[in-house]
Amino acid sequence: MTGADTSEAVTLLIADDDEVTRSGLRTLLAAQPGITVVGEAADGVEAVEQVRRLRPDVVLMDVRMPRLNGLDATRQLLAGAAGAVEPPKVVVITTFENDGYVTAALSAGASGFVLKRLPVPQIAEAVRVVAAGEAILFPAALRRMVAARPLGSAEALPRAALTGREEEALRLMATGLSNPEIARSLTVSLETVKTHVGNVLTKLGAQNRTHAVVIAYESGLVVPGFTG
C-alpha cells in the first residue's frame, strides 16, 4: 500500500515482551523515513502507561505479552484508558498468521495487522498508512478470516444503500488501495474519496476500513482474487 503522507514524522511506541525483538524493531524502524520511535513497552500494562506519558501517534502492539496481552491493551487504549483526547492508532504485530488474532484485533479496534516476518520497510509503511487515518490488513489473512470466522455482518451491505460510487470505492478499498490511489482510479479528488469512504463506514456501521472490507467480502460484493 502506498500514498501515506510522510511529510511529518510519525511517532511510534513498540510493545513486545521479547527484548531482542523489541530492540531490533526499534533500531530498524527508527532508520525508516517518516518514523520516530519514542519508546518501548515490555507488556500491555506498560504500553498503556507509556502511551499516557509519551502520546505516540501509533503503537506497534505484540499479541502475546505478560500481565496484559496486546489485544486487551488495545481495547483499553482505544477506550481512552491512557487519558488521551485522541487515542493512538494500533497496529497489531505477531509471529502467528492466525485467523483468531486477526478477528480479535479487529474487534479490539486495531487499525492494522502485520506479521513480524515481513520486511521492515513494509512494517514501516503499515505504520505510516495507519497514522494517516487508513487501515491495513493483508488480503490473504482477510480472505481466510472471512471464510473461517465471519463477523456476522453479511446482511449489512444489502441494507446499507450504498451509491454506485461508494460501492466502487469499497471494491477498491478491498484491493488495498489508499485514498490517493482510489482517487486516481476513479478520476476524482482526494476529498471526494474521503467523503465516499466516510459514507461507506457510516452506512455499514464499520469500525474502520478493514472492517468495511470484511463486510464487503462477507456480502459477496468482493470475492477472493478481486483486483479492481
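Residues numbered from 1 in each chain as written. Predicted model: local features only at pLDDT ≥ 70, side-chain atom pairs only at ≥ 80, totals over all residues. Heavy atoms only, no water.

**Student:** What is the right way to read the packing of helix α8 (residues 164-174) against helix α9 (residues 179-186) from this model?
**Tutor:** The description of two packed helices rests on the angle between their axes and on the distance between the axes. Between α8 and α9, the shortest axis-to-axis distance is 10 Å and the interhelical angle comes to 130°. What the angle tells us is that α8 and α9 run oblique. α8 and α9 meet at a crossing whose hand is right-handed. Each of R165, E168, A169, L172 and M173 in α8 lies in contact with α9, whose residues at this interface are I182, S185 and L186. Its residues assigned to classes, the contact of α8 with α9 comprises five nonpolar, one polar and two charged. (Axes fitted to C-alpha atoms, helices over the stretch in contact; angles between N-to-C directions. Helix = DSSP H or I, 4+ residues; strand = E, 2+ residues; numbered from the N terminus. Parallel < 35°, antiparallel > 145°, perpendicular 65-115°, else oblique. Left-handed = near helix turned anticlockwise from the far one by under 90°. Contact = heavy atoms within 4.5 Å. Nonpolar A, V, L, I, M, F, W, Y, C, P; charged D, E, K, R; others polar.)

**Student:** Whenever I open this one, the pairing of strand β1 (residues 10-15) confuses me. Can you help?
**Tutor:** In summary, the side chains of a regular strand alternate between the two faces of the sheet. Among the six residues of β1, five are classified as buried, and the element is accordingly described as predominantly covered. Relative to strand β2 (residues 35-41), β1 runs parallel, the two being bridged by six bridges. When the bridges of β2 are listed, V10 appears paired with I35. Read from β1 through helix α1 (residues 19-30) to β2, the crossover connection turns out right-handed. Note that β1 and strand β3 (residues 58-62) share four bridges and pair parallel. The partner of L13 across the bridge, within β3, is V59. (Buried < 20%, exposed > 50% of the residue type's maximum accessible area, 1.4 Å probe, protein only. Pairing = 2+ DSSP bridges. Right-handed = clockwise from strand over helix to strand, strands pointing away.)

**Student:** Can you help me understand the nonpolar core in this one?
**Tutor:** A general trend in soluble globular proteins is that nonpolar side chains are found buried together. The biggest cluster of nonpolar side chains holds 41 residues, and the ones touching the most others in it are L12, L29, L60, M61 and V92. Residue contributions to this core peak at six residues, all from helix α5 (residues 120-131). Excluding its chain neighbours within four sequence positions, the residues that come into contact with V92 are M61, V63, L71, T74, A105, A110, G112, F113 and V114. Counting residues in hydrophobic clusters, the runner-up holds 20 residues, among them I182, A183, Y217 and L221. (Core = buried A, V, L, I, M, F, W, Y, C linked by side-chain atoms within 4.5 Å.)

**Student:** How should the packing of α8 against helix α10 (residues 190-204) be read in this particular structure?
**Tutor:** It is the contact of α8 with α10, at a shortest axis distance of 9 Å, that shows an interaxial angle of 90°. Taken together, the axis directions place α8 and α10 in an arrangement best described as roughly perpendicular. Counting all contacts with α8, which are made through R165, E166, A169, L170 and M173, the residues of α10 involved are H196, V197, N199, V200, K203 and L204.

**Student:** Looking at this structure, how should I read the side chain of D16?
**Tutor:** Considering the arrangement of structural elements, one finds D16 in the loop between β1 and α1. Taking the relative accessible area as the measure of exposure, D16 reaches 1% and is therefore buried. In this structure the side chain of D16 is engaged in a polar contact, spanning 2.8 Å, whose partner is the side chain of K116. Not counting the four nearest positions on each side in its chain, D16 is found in contact with T21, R22, A41, A42, D62, M65 and K116. (Polar contact = N/O pair within 3.5 Å; in protein donor to acceptor, adjacent residues only side chain to side chain.)

**Student:** Could you clarify how one ought to interpret α8 in this entry?
**Tutor:** Considered for burial, the residues of α8 that qualify are E166, A169, L170, L172, M173 and A174. Backbone geometry just after α8 places G176 at a positive phi near 95°.

**Student:** Help me understand the environment of R67 in this model?
**Tutor:** Mapping R67 onto the fold places it in the loop between β3 and α3 (70-78). Residue R67 is classed as exposed on the basis of its relative accessible area, which comes to 62%. On a C-alpha basis, the gap between R67 and E46 in space is 9.2 Å, while along the polypeptide they are 21 residues apart. When near neighbours in sequence (up to four residues on either side) are disregarded, R67 contacts D43, V45 and E46. A distance of 3.0 Å separates the side chain of R67 from the side chain of D43, its partner in a polar contact.

By themselves, these observations are geometric and do not establish any function.
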